[in-house]
Amino acid sequence: MTEPSSSASPATVEALWPEVVALIIEALNMELTLADVDPDGPLYGDGMGLDSIDMLEISLVISKRYGFQMRSDNEDNEKIFSTPRALSVHIASQRTQ
């Protein structure tokens, strides 16, 4: 298995994270704008204020939009879902669409 950083260039991630944040905001009907979100801020708690139920919803939306399964038993989930940028790195390395 390849490391996400090897297939997710910084330019790809920079282009992708705003799309991912917009997808999250839309899926969860949040009253945030892209300007409100720090790409390196936490998704949980003080950052975007998400909880574990939100993460399940995000996983479903990401799976549908980008064509790969987000797995609840992935040992890297804490890292993957740590920040919008980290989630974007994972998506960029796994996406099929």
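Everything quoted here is computed from the prediction, not taken from an experiment.

Visitor: What is the right way to look at the nonpolar core in this model?
Guide: Note on soluble globular proteins: their nonpolar side chains tend to be buried together. Counting residues in each nonpolar core, the largest one holds 26 residues, and the members touching the most others are I24, M48, L50, I58, I62 and L87. Only α2 (10–27), α3 (52–66) and α5 (84–94) provide two or more residues apiece to this core. Apart from the residues lying within four places of it in its own chain, the contact partners of I62 are L23, G67, F68, M70, L87 and I91.

Visitor: Would you explain α5 in this entry?
Guide: Think of an α-helix as turning once every 3.6 residues; residues three or four places apart then point the same way. For α5, the tally of buried residues reaches 8 of 11 residues, placing the bulk of the element in the interior. Turning to α5, its buried residues number three or more, namely P84, A86, L87, S88, H90, I91, A92 and S93.

Visitor: How should the packing of α2 against α3 be read in this particular structure?
Guide: Each pair of packed helices gets described by two things: the angle between the helix axes and the distance between those axes. Between α2 and α3, the shortest axis-to-axis distance is 10 Å and the interhelical angle comes to 125°. Relative to α3, α2 is oriented oblique. For the pair α2 and α3, the sense of crossing is right-handed. Judged by residue contacts, L16, E19, V20, L23, I24 and A27 of α2 engage I58, V61, I62, R65 and Y66 from α3. Here the contact of α2 with α3 is built from residues that sort into 9 nonpolar, no polar and 2 charged.

Visitor: How should the side chain of S59 be read in this particular structure?
Guide: Assignment of secondary structure puts S59 in helix α3. Looking at S59, the relative accessible area reads 15%, which means it is buried. Discounting chain neighbours no more than four positions away, the residues touching S59 are M70 and F81.

Visitor: Just checking my understanding: could you explain the pattern of salt bridges for this structure?
Guide: When the charged atoms of two side chains with opposite charge come close together, those side chains can pair. Counted under the stated rule, the structure contains 4 salt bridges. In this structure, the salt-bridge partner of R85 is E14, at a minimum N-O distance of 2.0 Å. Highlighted residues: R85 in helix α5 and E14 in helix α2, separated in sequence by 71 residues. Two residues, D40 and R85, come together in a salt bridge whose shortest N-O distance is 2.7 Å. Highlighted residues: D40 in the loop between α2 and α3 and R85 in helix α5, separated in sequence by 45 residues. Owing to a relative accessible area of 47%, D40 belongs among the partly exposed residues under this scheme.

Visitor: Which parts of the structure should I look at to understand unusual backbone geometry?
Guide: Glycine aside, the phi torsion of most residues is negative, and most peptide linkages are trans. Positive phi values are uncommon outside glycine, yet N29 reaches one of about 50°. For N29, the location among the structural elements is in the loop between α2 and α3.

Visitor: What is the right way to read the packing of α2 against α5 from this model?
Guide: Two elements in contact, α2 and α5, have axes whose closest approach is 8 Å; the angle formed by their N-to-C orientations is 110°. It follows that α2 is roughly perpendicular to α5 by the angle criterion. Facing α2, whose interface residues are T12, V13, E14, L16, W17, V20, V21 and I24, α5 presents P84, R85, L87, S88, V89, I91 and A92. Classifying every residue of the contact of α2 with α5 by side-chain character gives 11 nonpolar, 2 polar and 2 charged.

The rules behind the values
Residues numbered from 1 in each chain as written. Predicted model: local features only at pLDDT ≥ 70, side-chain atom pairs only at ≥ 80, totals over all residues. Heavy atoms only, no water. Core = buried A, V, L, I, M, F, W, Y, C linked by side-chain atoms within 4.5 Å. Buried < 20%, exposed > 50% of the residue type's maximum accessible area, 1.4 Å probe, protein only. Helix = DSSP H or I, 4+ residues; strand = E, 2+ residues; numbered from the N terminus. Contact = heavy atoms within 4.5 Å. Axes fitted to C-alpha atoms, helices over the stretch in contact; angles between N-to-C directions. Parallel < 35°, antiparallel > 145°, perpendicular 65-115°, else oblique. Left-handed = near helix turned anticlockwise from the far one by under 90°. Nonpolar A, V, L, I, M, F, W, Y, C, P; charged D, E, K, R; others polar. Salt bridge = Lys/Arg side-chain N within 4 Å of Asp/Glu carboxyl O.

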